[in-house]
Amino acid sequence: MNLYEVKALTKTYGENQGKVLALNNTSVNIEKGKFIVVLGPSGSGKSTLLNILGGMDIPTSGQVTFNQMDISKYNKKQLTKLRKEKIGFVFQSYNLLPSLTALENVEFSTEIAGLKREVAKEAMALVGLEERYNHFPSQLSGGEQQRISIARALAKKPEVLLCDEPTGALDSDTGVKILHVLKSINKGQGTSIIVITHSQDIAKIADVVIKMRNGEVVEVIENPTPISPD
Ligand code: ADP
Ligand code: ADP
């Protein structure tokens, strides 16, 4: 079963001399329930692709389906609904609200999604942060802040978590721990996870690696290394 089907997708920014071709007539299928890594150098179009998959940006041409629904034809209102109900986002910069505690940051998300507050605590437990409910972001390490942002994304029980360089601001040990949190969510909850990175090491944890270059998917690698029994 495919979660996403991307066909002949093109995205340009700007016009005339200033025109940038961020995605160049590229196609790829993304299977449901997998841990997917999108790997490629800076400027290869990874963020642009993720933003379109997440309904944060619209294609210039081509088609993107999510669960067989053609989201490339969606209007702003439909995209907002899609983002709110089906998609969780995790960013390099955490994007937590500094004046709210860890738990309040997560509850903010459950409230928007119209879910019960208890769900926020469940999400905090899934990332191993039960002990940090009442801490403010400034009192937490980078790794802990990223766990909160993952809990916030998870709290609304999305079908897919889209993560743009989630370990980019962390040291490599902490980054590996965050990836294992994501992997345990993928295997435990069955949430599809798509992670953008330019790190070969991160790609090793994936079920599928999608390699990008110059705005195109150039290779799709299944099971890049044998899955470790952790
Ligand atoms: P990556 O995530 O692989 O670093 P991006 O998708 O961010 O690549 O960018 C692909 C290309 O599109 C780059 O040349 C980038 O500068 C350009 N680009 C991305 N977003 C914008 C934007 N909002 N306006 C103009 N150019 C953009
Ligand atoms: P990073 O590699 O640190 O994630 P990106 O290159 O992916 O940074 O860009 C981060 C954000 O800035 C993306 O949402 C992208 O759309 C936007 N962006 C990237 N390049 C440009 C650009 N040349 N002009 C405007 N916005 C851009």
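Reading the values: the criteria
- Residues numbered from 1 in each chain as written.
- Chains lettered and ligands numbered in written order.
- Predicted model: local features only at pLDDT ≥ 70, side-chain atom pairs only at ≥ 80, totals over all residues.
- Heavy atoms only, no water.
- Helix = DSSP H or I, 4+ residues; strand = E, 2+ residues; numbered from the N terminus.
- Rg over C-alpha atoms; globule rule 2.2 N^0.38 Å.
- Buried < 20%, exposed > 50% of the residue type's maximum accessible area, 1.4 Å probe, protein only.
- Contact = heavy atoms within 4.5 Å.
- Axes fitted to C-alpha atoms, helices over the stretch in contact; angles between N-to-C directions.
- Parallel < 35°, antiparallel > 145°, perpendicular 65-115°, else oblique.
- Left-handed = near helix turned anticlockwise from the far one by under 90°.
- Pairing = 2+ DSSP bridges.
- Phe/Tyr/Trp six-rings, centres within 6.5 Å; stacked < 30°, edge-to-face > 60°.

- Labelled according to an unreviewed UniProt entry, the chain appears under the name ABC transporter ATP-binding protein, originating from Alkalicella caledoniensis.

Quick notes on the overall build of the chain
At step 1: Scanning the chain from N- to C-terminus turns up 7 helices and 10 strands.
At step 2: A globule of 230 residues ought to have a C-alpha radius of gyration of about 17 Å, and the chain, at 17 Å, matches this closely.
At step 3: The 230 residues of the chain split such that 49% are buried.
At step 4: Counting only contacts in the chain whose residues sit at least 6 apart along the sequence, the fraction spanning at least 24 positions is 69%.

Some points on the packing of helix α5 (residues 142–155) against helix α6 (residues 172–189)
Relative placement of two packed helices is described by the angle separating their axes and the distance separating the axes.
At step 1: As a packed pair, α5 and α6 sit with axes 10 Å apart at the nearest point and diverge in direction by 20 degrees. Classified by the angle between their axes, α5 and α6 sit roughly parallel to one another. Between α5 and α6 lies a crossing of right-handed hand. Contacts between α5 and α6 pair G143, Q146, R147, I150 and L154 from the former with T174, K177, I178, V181, L182 and I185 from the latter.

Regarding the sheet that holds strand β2 (residues 20–31)
At step 1: Strand order across the open sheet formed by 4 strands is β2-β1-β4-β5, with antiparallel pairing between neighbours. Two strands bound the open sheet, and with one partner strand each, they are β2 and β5 (69–70).
At step 2: Sheet topology note: the strand β1 (residues 2–13)/β2 ladder contains 8 bridges and is antiparallel. Its bridge partner lying in β2, N2 is registered against E31.
At step 3: Strands β1, β2 and β4 (61–66) of the sheet are contacted by helix α1 (residues 46–53), whose axis makes an angle of about 125 degrees with β1.

Observations regarding the packing of aromatic side chains
At step 1: The final tally for this structure, using the stated rule, is 2 aromatic pairs.
At step 2: Measuring from ring centre to ring centre gives 5.2 Å for Y4 and F66, while their planes differ by 55 degrees; the resulting arrangement is tilted. On the criterion of sequence distance, the pair formed by Y4 in strand β1 and F66 in strand β4 is long-range, its members being 62 residues apart. As far as burial versus exposure is concerned, Y4 and F66 are alike and both buried.

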